[in-house]
Amino acid sequence: MSYGDAMSARVRSEERRAEIVRAALEVIAERGYRGASLAAVAERVGLTQQGLLHHFPTKDALLVAVLEERDQWDAVPDSRWRFDLLASLVEYNAMRPGIVQTFSALLGESVTEGHPARDYFTARYTRVRESMAAVLRAEYGGRLPNGLTPERTAPLLVAVMDGLQYQWLLDPESVDMPGAFRDFLALLGEE
């Protein structure tokens, strides 16, 4: 096989993997992780289950790829997070309910012992709380106007963001997720 053929095969394989990850996102959003099957994902992309296993050897490996892909969409270097970017992220999430639904379903399922995404979400929330504390520290220093430290406020900020997502998913007509988040920022003295 020539170098050009090898490169072309690699590109096709990467494109196929990306297609599989997108299909897995859809299936997980519809059925949850436990209800999603490799067969359903394979069918959605026109592969046999064995063909899908060529790209992702286990359902857990596919789940990790889905979570990593989702994180890439929201990636901002930690040093660049600001409140206006947080509000923009909430607004962006309001435009992609399928992704928010998938994330929320996986997060909810991951609290059970032995779930393959449990370690991922535990580590992710540690990073997110640290990042939010850094945002708060950059804005307010060691204490917010309410007297709380950035480290004490960071979990509350994360809880508001995720809690609003659940409420919005359940009743999007009644919950203005971006507006409610701006209201929370106003409580912090930000807007």
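These remarks concern the structure in this document.

What counts and what doesn't
- Residues numbered from 1 in each chain as written.
- Predicted model: local features only at pLDDT ≥ 70, side-chain atom pairs only at ≥ 80, totals over all residues.
- Heavy atoms only, no water.
- Helix = DSSP H or I, 4+ residues; strand = E, 2+ residues; numbered from the N terminus.
- Contact = heavy atoms within 4.5 Å.
- Areas by Shrake-Rupley, 256 points an atom, 1.4 Å probe, with all protein chains shown as cover.
- Core = buried A, V, L, I, M, F, W, Y, C linked by side-chain atoms within 4.5 Å.
- Buried < 20%, exposed > 50% of the residue type's maximum accessible area, 1.4 Å probe, protein only.
- Polar contact = N/O pair within 3.5 Å; in protein donor to acceptor, adjacent residues only side chain to side chain.
- Salt bridge = Lys/Arg side-chain N within 4 Å of Asp/Glu carboxyl O.

1. What about the overall build of the protein chain?
Part 1 of the reasoning: Counting its secondary structure elements, the protein chain contains 9 helices and 0 strands.
Part 2 of the reasoning: Listing every helix and strand of the protein chain by position from the N terminus yields α-α-α-α-α-α-α-α-α.
Part 3 of the reasoning: The long-range fraction of contacts in the protein chain, counting pairs at least 24 apart against all pairs at least 6 apart in sequence, stands at 60%.
Part 4 of the reasoning: For the protein chain, the exposed surface amounts to about 10600 Å²; the carbon and sulfur share of it is 53%.

2. Points about the nonpolar core
What tends to happen in soluble globular proteins is that the nonpolar side chains get buried as a cluster.
Part 1 of the reasoning: Membership of the largest hydrophobic core comes to 53 residues, with the highest contact counts inside it found for Val41, Leu62, Phe121 and Phe181.
Part 2 of the reasoning: Elements with a contribution of two residues or more to this core: helix 1 (3-35), helix 2 (38-44), helix 4 (59-73), helix 5 (83-93), helix 6 (97-110), helix 7 (118-140), helix 8 (150-170) and helix 9 (177-187).
Part 3 of the reasoning: The greatest single-element share of this core, amounting to 9 residues, is contributed by helix 7.

3. Some details on helix 9
Part 1 of the reasoning: The complete set of buried residues in helix 9 reads Met177, Pro178, Gly179, Phe181, Phe184 and Leu185.
Part 2 of the reasoning: Looking at where helix 9 begins, the residue whose side-chain oxygen comes 3.0 Å from the main-chain nitrogen of Gly179 is Asp176.
Part 3 of the reasoning: Of the residues one or two after helix 9, Gly189 is the one with positive phi, at around 90°.

4. Points about the pattern of salt bridges
Part 1 of the reasoning: Going through the model one piece at a time under the given rule, you end up with 6 salt bridges.
Part 2 of the reasoning: Notably, a salt bridge pairs Arg44 with Glu30, separated by 2.8 Å at the nearest N-O pair. Here Arg44, found in helix 2, pairs with Glu30, found in helix 1; they are 14 residues apart in sequence, far enough to count as distant.
Part 3 of the reasoning: With a relative accessible area of 36%, Arg44 lands in the partly exposed category.
Part 4 of the reasoning: Classification of Glu30 as exposed rests on a relative accessible area of 51%.
Part 5 of the reasoning: Salt-bridge contacts for Arg118 lead to Glu113; the nearest nitrogen and oxygen are separated by 3.6 Å.
Part 6 of the reasoning: Taken together, the shared-partner salt bridges connect Glu26, Glu30 and Arg44 into one network.

These figures come from the coordinates and say nothing about function on their own.
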